[in-house]
Amino acid sequence: PNNDDGQHYYVGLYAGADQIVFGSMNWGWTSLVSAPVTITTFTWYTLRIHVFGDVIAVYLDDVAVLSTTNSNWSAGSIGLRPYRNEAACGSVLVCD
């Protein structure tokens, strides 16, 4: 298996492109929405993702940066991963 295998949503921070991307994996990548944001390497950010029904909102340092609707999957779990870069995670909180 590779990173495109499976069915899941994905939020990515891209420092080289100064953008944040939200998409879905369904045995292949589909970008759903993106927005320009300043991303600086070696900087801590607070990433927050709210899912309510089919509405998905993404916040970066408490600022809403993306919002979309998608109803591909109504249940699942979370995961964290770096992509072509190093990453660190300070804490993870999941609320229902």
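Below, the structure is looked at part by part. Everything numeric in this text was worked out from a predicted model, so none of it was measured.

Moving on: the overall build of the chain. Broken down by element type, the chain carries 0 helices and 6 strands. Here the C-alpha atoms of the chain give a radius of gyration of 13 Å, agreeing with the 12 Å that 2.2 N^0.38 yields for 96 residues. Contacts in the chain between residues at least 24 apart in sequence constitute 31% of all its contacts with a sequence separation of at least 6. Entry remark: accessible area of the chain is about 7200 Å², with carbon and sulfur atoms responsible for 51%.

Together, Leu13, Leu47, Ile49 and Val51 make up an exposed nonpolar region whose accessible area comes to about 330 Å². Per element, the largest residue contribution to the nonpolar patch is 3 residues, and it comes from strand E4 (residues 47-52). Secondary-structure assignment places isoleucine 49 in strand E4.

A few words on unusual backbone geometry. One non-glycine residue, aspartate 18, adopts positive backbone phi at about 50°. You will see that tryptophan 27, though not glycine, has its phi angle at about 60°, which is positive. Here tryptophan 27 shows up in the loop between strand E2 (19-26) and strand E3 (29-36).

Our next topic: the packing of aromatic side chains. Between two aromatic rings, the relevant description is the distance of the centres plus the angle of the planes. Under the defined criterion, the tally for this structure stands at 3 aromatic pairs. Here the aromatic rings of tyrosine 10 and tryptophan 29 are separated by 5.3 Å at their centres, their planes lie at 85°, and the arrangement is edge-to-face. Here tyrosine 10 is found in strand E1 (residues 7-14), whereas its partner tryptophan 29 is found in strand E3, with 19 residues between them in sequence. Grouped by ring-pair contacts, the aromatic residues Tyr9, Phe22 and Trp73 constitute a single cluster. In this arrangement the basic side chain of arginine 48 is found over the ring face of tyrosine 59, its NZ or CZ atom lying 4.2 Å from the centre.

Definitions and cut-offs
Residues numbered from 1 in each chain as written. Predicted model: local features only at pLDDT ≥ 70, side-chain atom pairs only at ≥ 80, totals over all residues. Heavy atoms only, no water. Helix = DSSP H or I, 4+ residues; strand = E, 2+ residues; numbered from the N terminus. Rg over C-alpha atoms; globule rule 2.2 N^0.38 Å. Contact = heavy atoms within 4.5 Å. Areas by Shrake-Rupley, 256 points an atom, 1.4 Å probe, with all protein chains shown as cover. Patch = residues over 30% accessible without salt bridge, like charges linked within 9 Å, V, L, I, M, F, W, Y side chains within 5 Å. Salt bridge = Lys/Arg side-chain N within 4 Å of Asp/Glu carboxyl O. Phe/Tyr/Trp six-rings, centres within 6.5 Å; stacked < 30°, edge-to-face > 60°. Lys NZ or Arg CZ within 6 Å of the ring centre and 35° of its normal.

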